Amino acid sequence: MTDFSGQSQTDVRYIGTKSEIFNLGLKTGLLTIVTLGIYRFWAKTRLRRHIWSSTQVRGEGFEYTGTGMEKFLGFLIAIVVLAVYLAVVNLILFALGLEFVSEPTNQAEMVGQLILIYANFFALLPLIYFAQYRSMRYKLARTRFRGIRFGMESAAGGYVWRALLLSLVTLISLGTLWPLMSFRLDKYMTDRAYYGDGLFEQAGKWTALYRFMLPFGIGIALIVLGGIMANATDGGGMSVLLMIAGGLTFYFGLIYYQVRTSAYLTSNRVLDGKIGFNSNPSVGSIIGIIIGGGLVVGLAAAVYFGIFAGIFQGIVGPFPGPAMIVFAVVAYLFGLVLLGAISLAMITQPLLAHVLGATQVLNIEAADEIRQRAADKGADAEGFADALDVGSAF
Amino acid sequence: MTTPLPQPCKAGYFDGQTAKRHDITVAAVEGAEAIRLSFDAGWPDQDIPLGLLRRGGDQPGQAGQVMFHFLQPGDDEIQRDPARLMLPNGEFARWLQSAAPNLGQRDVPRKTYSRLIKVGLFATVSIAALLFVIIPGLAAILANTISREREVAIGKTVVGQIEYMLAGFDDADLTCDTPAGSAALNRMMTRFTDTGKITYQIDARVIDHEMINAFAAPGGQVVILRGLLDAAESPDEVAGVLAHELGHVESRDPLREAIRSAGSAGILSLVLGDATGGTITAIMAEQMLSSAYTRTAEEKADSFGLDLLAAAKISPKGFEIFFDRIADMGGELPEVFSSHPATQSRKDKAAAAAIYDATAALSEADWQALKTICD
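Everything quoted here is computed from the prediction, not taken from an experiment.

Colleague: Is there a simple way to think about the overall build of chain B in this case?
Modeller: Regarding its fold elements, chain B presents 12 helices and 11 strands. Per-residue burial over chain B gives 36% buried out of 375 residues. A separation threshold of at least 6 residues defines the contact pool for chain B, and within that pool the share at least 24 residues apart is 64%.

So this is what it looks like as structure tokens:
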């Protein structure tokens, strides 16, 4: 592994503000409603352009060159493939599902329904992994820094079967091999990513991630313990307390695992054998942002939909005519846009500022030697990711 | 040029080939509508017309530098490697923002629009084929394979959803049930079932809602909304509506419609992007309420309804009168009335009613009990 002691350390800065991202989220959200959803591809593009440009190293911003049009075209193609695929899968499932639900007992019917739901999900799983890789590849191909393009090899197929296999392994091992999955999948992508002609490399060991699972594991242990106590003593306050404490530890342990794992992976990334990274975000701050921001969004939601419900109850007469239904739908959608913009400003922006601000680039001087790479012709827009809603916010 | 030209200023330059920053001085060219880049490294000066300058990425308020790139006629932006110009956020950058005319222009690669039209047509035709041909076709095939018990279960879910929606997305129980009213409704149903033409176990009920509507759900569930009882002036009118709905039940139209809308809802939510479960449910229930079956299905239900009325010795004229009155009220007609105005064959059949001795669908006492079932 490359030794970076004595090399320069450059802070990454996020200079976007709450008001900028709120205004952008509100404006593009409203345009999305007006255009019946079509503008969402352009909305995503504008949001990314803002976030990329707000991420700066030595005063130089990243640049997002993707377009809404290419996303829209990619989506149109993906949707047809997906619709046909889902129709075929569901036809088969429906035929099979009938066998399950025509069983006489209720128990069997329930099992049938569950199988139907899970089968639908698992049928989509390969496509979801495919979309994950393609989406990352597309984002890198449309990212520039100092005029030089990022990129990733075209290798989504290898990612899909590895991801499926590792998911199965994680499932069978009851989650104890989760770090293996986190590490291998990230390494697969990183080792195929480029900045100009410089190749990224993921160093480190998957076993190093185990220590980040500790709080998460304690949470599970507490829940199990509480469950055993509840069974042994017929309830009681102690077991309930244990389960609540376990649940909270479990939830925050999940965040802890994700934050520390991502920081570990970043800190062990090397670009072109010469440039390193350092990431040390505070889990406490991140949880604080999520709770604080979540409270603000929740409060705003309660107020808005409280007023909405009041008005709606008041005006619904004997004939809920088309005008009334349109009004209700528009008011409801506007509420969703408003809450989305608030959560961008109160959760996304502080998270970006904190995580990016806790990142350093080591020996950035070596970047001067990096040369442009040829354009990735096949890196078309993330149609499947858009259709399947992978990678939600941006 | 009216605004005074700014002082030359120090700036950065990325040539698009390497990630190395080159120091330059940028100056406005007097009278030429261009800027001149002078390289500290001693490369030849480069003049860039203002009209070719574009903004690079976004410009967050707190950015210390403003990024520009400039157009080179030719291939699309993704394939090109344009140089980047980094100006300090100061006087020169402000001047350039007002002087360069096409900064915000998004240059679209050639053939984008013809590609958009081709792909758009392909997607529209495919989705339309799926929604209007393939899914209804599959729904018809699937409907035939579903057992009656399963059909009844589906119907209960559908009625539950509609009730939930009519209650304003609340779990209130809207079913009307007075002993006398329910007995009256049962007596009307018995007149139909006694004809031997009904093979389903019919579960008819009245839901307390002002809409003038009635619908059949899969598996023999027939729902009358209170508004329809309020608007009806004789039991024959209600019986006519019920006979028509029973026609749909017997030919399994509601089941096909439920499967079709379940399949379509998934695809619609894909197309529309936002997929909150609640909205899909609402759309499905809404479709059921206002659902227009195919013209053939409506004619079949009508013809079945008339036969049923004749077999039950109830006059078919009530339905005609009711239809005319509802049509005069204006507004959109509910499904039960959607296949009219009456065709000639229907009028002929109705005229034949004189041949049989029709009796009122319900006694006056029963009719009053049914009308007040929700009180």
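That was the structure; now back to the text.
Colleague: Explanation requested: the overall build of chain A in the structure shown.
Modeller: The helix and strand inventory of chain A stands at 11 helices and 10 strands. Taking all 394 residues of chain A together, the buried fraction comes to 35%. Taking contacts inside chain A between residues at least 6 apart in sequence as the whole, the part at least 24 apart equals 74%.

Colleague: Please clarify how the environment of Pro-8 of chain B should be interpreted in this entry.
Modeller: Residue and element names in this part refer to chain B. For Pro-8, the location among the structural elements is in the segment before strand E1 (9–14). Sequence separation of Pro-8 and Phe-92 is 84 residues, and the distance between their C-alpha atoms is 7.4 Å. Every residue in contact with Pro-8, bar those within four places of it in the chain, is listed here: Thr-25, Val-26 and Ala-27.

Colleague: I would appreciate a short explanation of the domain arrangement of chain A in the present structure.
Modeller: As a measure of interface size, the accessible area lost when the parts come together is often cited. All names here are of chain A. With domains assigned, chain A is organised as domain 1 (9–66 + 281–366) and domain 2 (207–267). Measuring from the centre of the C-alpha atoms in domain 1 to the corresponding centre in domain 2 gives 30 Å. With five residues of domain 1 at the contact, the number on the domain 2 side is seven residues. Broken down by element, the side of domain 1 that touches domain 2 gets its largest block of residues, three residues, from helix H9 (residues 283–315). Residue classes in the side of domain 1 that touches domain 2 are distributed as four nonpolar, one polar and no charged.

Colleague: Would you mind showing me how to read the sheet that holds strand E8 (residues 269–271) of chain A here?
Modeller: Pairing between the strands of a sheet is mediated by backbone hydrogen bonds and can be parallel or antiparallel. Residue and element names in this part refer to chain A. The strand order E1-E2-E3-E4-E5-E6-E7-E8-E9-E10 describes a closed barrel built from 10 strands, whose pairing is antiparallel. Taken over all neighbouring pairs, the strand axes of this sheet differ in orientation by 30° on average, direction set aside. With four bridges connecting them, strand E9 (residues 275–279) and strand E10 (residues 359–362) associate as antiparallel partners. If you follow Phe-277 over to E10, its bridge partner there is Val-361. Of the strands in this sheet, strand E5 (148–152), strand E6 (193–195), strand E7 (198–202) and E8 are in contact with helix H6 (residues 178–190), which crosses E7 at around 170°. Contacting E7, E8, E9 and E10, helix H8 (residues 237–267) crosses the sheet at an angle of about 160° to E9.

Colleague: Looking at this model, I keep getting lost on the packing of helix H4 (residues 179–193) of chain B against helix H12 (residues 364–371) of chain B. Mind explaining?
Modeller: Helix packing for two helices is described by the angle between their axes and how far apart those axes are. All names here are of chain B. The contact between H4 and H12 brings their axes to 7 Å, and the two run at 120°. Here H4 lies oblique to H12, going by the angle between them. Crossing angle aside, the handedness with which H4 passes H12 is left-handed. Only Asp-366, Ala-369 and Leu-370 of H12 make contact with H4, whose side of the interface consists of Ala-180, Gly-181, Ala-184, Leu-185 and Arg-187. A breakdown of the residues in the contact of H4 with H12 according to their chemical character gives five nonpolar, one polar and two charged.

Colleague: Quick question: what am I supposed to make of the environment of Ile-141 of chain B here?
Modeller: Residues and elements named next belong to chain B. When you line up the elements, Ile-141 lands in helix H2 (residues 112–145). Looking at Ile-141, the number of C-beta atoms within 10 Å reads 13, which means it is partly exposed. Along the chain, Ile-141 and Arg-256 lie 115 residues apart, while their C-alpha atoms are 8.7 Å from each other.

Colleague: Is there a simple way to think about helix H3 (residues 148–166) of chain B in this case?
Modeller: Helical geometry note: an α-helix holds 3.6 residues per turn, so side chains three or four residues apart project in the same direction. Taking 1.5 Å per residue as the helical rise, H3 of chain B with its 19 residues ought to reach 27 Å, and the 27 Å between its terminal C-alpha atoms agrees with that figure. Within the span of H3 of chain B, buried status applies to Glu-151, Ile-154, Gly-155, Val-158, Val-159, Ile-162, Glu-163 and Leu-166 of chain B.

Colleague: Honestly, helix H2 (residues 40–54) of chain A in this entry has me stumped. Any pointers?
Modeller: If you check H2 of chain A, its first and last C-alpha atoms are 21 Å apart, about what 15 residues at 1.5 Å a residue would give, namely 21 Å. Burial analysis of H2 of chain A places 13 of its 15 residues in the buried class, which makes it a mostly covered element.

Colleague: Teacher, can you tell me more about the confidence of the model for chain B here?
Modeller: All names here are of chain B. When pLDDT is averaged along chain B, the result is 80; 81% of the residues meet or exceed 70. Counting contacts from residues 275–279, a segment whose pLDDT is below 50, to residues more than four positions away or on other chains yields one contact. We note a pTM of 0.76 for the whole complex and an ipTM of 0.81 for its interfaces.

Colleague: Any chance you could explain unusual backbone geometry here in plain terms?
Modeller: Excluding glycine, residues mostly have negative phi values, and the peptide bonds linking residues are mostly trans. Residues and elements named next belong to chain A. You will see that Arg-146, though not glycine, has its phi angle at about 55°, which is positive. When you line up the elements, Arg-146 lands in the loop between strand E4 (143–145) and E5. Using a count of 26 C-beta atoms within 10 Å as the deciding quantity, one classes Arg-146 as buried.

Colleague: What am I meant to see in the sheet that holds strand E6 (residues 65–70) of chain B here?
Modeller: Residues and elements named next belong to chain B. The seven strands are arranged E4-E3-E2-E1-E7-E6-E5 in an open sheet whose pairing can be described as antiparallel. Looking at the sheet topology across the chains shown, the edges are occupied by strand E4 (46–49) and strand E5 (53–55). The mean inter-strand angle of the sheet, taken between neighbouring strand axes irrespective of direction, is 35°. Relative to strand E3 (residues 34–39), strand E2 (residues 22–29) runs antiparallel, the two being bridged by six bridges. The residue bridging Ile-24 from the neighbouring strand is Phe-39, located in E3.

Rules used throughout
Residues numbered from 1 in each chain as written. Chains lettered and ligands numbered in written order. Predicted model: local features only at pLDDT ≥ 70, side-chain atom pairs only at ≥ 80, totals over all residues. Helix = DSSP H or I, 4+ residues; strand = E, 2+ residues; numbered from the N terminus. Buried ≥ 20, exposed ≤ 12 C-beta atoms within 10 Å, placed from the backbone. Contact = placed C-beta atoms within 7 Å. Domains from an automatic or database assignment. Nonpolar A, V, L, I, M, F, W, Y, C, P; charged D, E, K, R; others polar. Pairing = 2+ DSSP bridges. Axes fitted to C-alpha atoms, helices over the stretch in contact; angles between N-to-C directions. Parallel < 35°, antiparallel > 145°, perpendicular 65-115°, else oblique. Left-handed = near helix turned anticlockwise from the far one by under 90°. Expected span 1.5 Å × (residues − 1). pLDDT = per-residue confidence, 0-100.

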